[in-house]
Amino acid sequence: MTGGERPRHPVGDAASVATQAEGFLRARAYYDEAREEARALCDRMPWMTSAQADDFTRHYVDHRLTLMRAMLSVTVTRAGELREEYEGRYLHLRRTLLRRHVTWLSVVLTSATGLHAMAWIWLR
């Protein structure tokens, strides 16, 4: 590298970085949302000390993030199952369609051959 050029990364790397950044931003948004909910709950309990409120907030945020991870894990698993199911159906439909086209093509070619043979015999 000369003249301060930056290394060029393949396009796939940019998409990967963008996906990771999006994931980080979403995770941060979930975290901030959980903290705000915990603060709102703590505000409704004025008898709590600040240490208790901090502890409650930490536990609440941990619980919410654990729930979110579990929900996302279930969603990812189900998406994989659906992908396999739809790919299987698509493959079956493609095979059926190909079989039908081959059958109809065979019928048309057989009919054309038969008609040609009859015309040849008749015109001879």
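Report follows, based on the coordinates. (Residues numbered from 1 in each chain as written. Predicted model: local features only at pLDDT ≥ 70, side-chain atom pairs only at ≥ 80, totals over all residues. Heavy atoms only, no water.)

Focus: the overall build of the protein
Now for step 1: Broken down by element type, the protein carries two helices and zero strands.
Now for step 2: Since a compact globule built from 124 residues should have a radius of gyration of about 14 Å, the 32 Å found for the protein marks it as more spread out than a globular shape.
Now for step 3: Seen through its C-alpha atoms, the protein measures out along the principal axes to roughly 110 × 55 × 15 Å.
Now for step 4: Expressed as a percentage of its 124 residues, the buried residues of the protein come to 10%. (Helix = DSSP H or I, 4+ residues; strand = E, 2+ residues; numbered from the N terminus. Rg over C-alpha atoms; globule rule 2.2 N^0.38 Å. Buried < 20%, exposed > 50% of the residue type's maximum accessible area, 1.4 Å probe, protein only.)

Some thoughts on the pattern of salt bridges
Now for step 1: Counted by the stated rule, this structure contains eight salt bridges.
Now for step 2: Note that Arg28 is salt-bridged to Asp32, the shortest N-O span being 3.5 Å. Of this pair, Arg28 and Asp32 both sit in helix H1 (residues 11-43), four residues apart, which is roughly one turn of that helix.
Now for step 3: Residue class for Asp32 comes out partly exposed when judged on its relative accessible area of 33%.
Now for step 4: A salt bridge links Arg64 to Glu37; its shortest N-O distance comes to 2.3 Å. (Salt bridge = Lys/Arg side-chain N within 4 Å of Asp/Glu carboxyl O.)

Some details on the packing of aromatic side chains
Now for step 1: Summed over the entire model, instances satisfying the criterion amount to one aromatic pair.
Now for step 2: Between the aromatic rings of Phe56 and Tyr60, the centroid separation amounts to 6.1 Å while the plane-to-plane angle is 25°, which identifies the pairing as stacked. Note that Phe56 and Tyr60 are positioned in helix H2 (residues 50-123) at a spacing of four residues, about one turn of the helix.
Now for step 3: By relative accessible area, Phe56 is classed as partly exposed at 27%. (Phe/Tyr/Trp six-rings, centres within 6.5 Å; stacked < 30°, edge-to-face > 60°.)

Looking at the side chain of Thr57
Now for step 1: Within the fold, Thr57 resides in helix H2.
Now for step 2: Look at Thr57 and you get buried, because its relative accessible area is 7%.
Now for step 3: For Thr57, the side chain forms a polar contact with the main-chain oxygen of Ala53, separated by 2.7 Å.
Now for step 4: Those residues in contact with Thr57 that sit more than four places away from it in its chain are Arg35, Ala38 and Cys42. (Polar contact = N/O pair within 3.5 Å; in protein donor to acceptor, adjacent residues only side chain to side chain. Contact = heavy atoms within 4.5 Å.)

A closer look at H2
Helical geometry note: an α-helix holds 3.6 residues per turn, so side chains three or four residues apart project in the same direction.
Now for step 1: Across its 74 residues, H2 extends 106 Å between first and last C-alpha, which sits within 8% of the 110 Å expected from 1.5 Å per residue.
Now for step 2: Buried within H2 are the following residues: Ala53, Thr57, Tyr60, Val61, Arg64, Leu65, Met68 and Thr96. (Expected span 1.5 Å × (residues − 1).)

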